[in-house]
Amino acid sequence: MIDLDMGAYAAFVWPAWGLSAAVLAALAARALTASRRWNAELKRLDSETGAPARAQAGQSPIAQTK
């Protein structure tokens, strides 16, 4: 069984773990939000220029020209 008792250090260890988890969750959420925003911008730009939507096709611009 895992022993989670930190004794006298618990006041320092558990808040550090909690803060680290919160920062990692915030960074992951920020990356997901930015990714969705970039994909929406790519689709908007592709629709303006008449180019096929690369984000939907899953191909790079180089792969489409070949």
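Look up a bit, the structure's there.
Residues numbered from 1 in each chain as written. Predicted model: local features only at pLDDT ≥ 70, side-chain atom pairs only at ≥ 80, totals over all residues. Heavy atoms only, no water.

A.B. asks: Sorry if this is basic, but what is going on with a nonpolar patch on the surface here?
C.D. replies: On the surface, I2, L4, W14 and W17 cluster together to form a nonpolar patch covering roughly 510 Å² of accessible area. Looking at where I2 falls in the secondary structure, it is placed in the segment before α1 (10-49). Residue I2 is classed as exposed on the basis of its relative accessible area of 68%. (Patch = residues over 30% accessible without salt bridge, like charges linked within 9 Å, V, L, I, M, F, W, Y side chains within 5 Å. Areas by Shrake-Rupley, 256 points an atom, 1.4 Å probe, with all protein chains shown as cover. Salt bridge = Lys/Arg side-chain N within 4 Å of Asp/Glu carboxyl O. Helix = DSSP H or I, 4+ residues; strand = E, 2+ residues; numbered from the N terminus. Buried < 20%, exposed > 50% of the residue type's maximum accessible area, 1.4 Å probe, protein only.)

A.B. asks: What is the right way to read the pattern of salt bridges from this model?
C.D. replies: Here the idea is simple: oppositely charged side chains can pair when their charged atoms come close. Under the counting rule described, the total for this entry stands at 2 salt bridges. Linking R44 and E41 is a salt bridge whose minimum nitrogen-to-oxygen distance equals 2.6 Å. Note that R44 and E41 are positioned in helix α1 at a spacing of 3 residues, about one turn of the helix. With a relative accessible area of 37%, R44 lands in the partly exposed category. Residues E48 and R44 are paired through a salt bridge, measuring 2.5 Å at the closest nitrogen-oxygen approach. Of this pair, E48 and R44 both sit in helix α1, separated by 4 residues, roughly a single helical turn.

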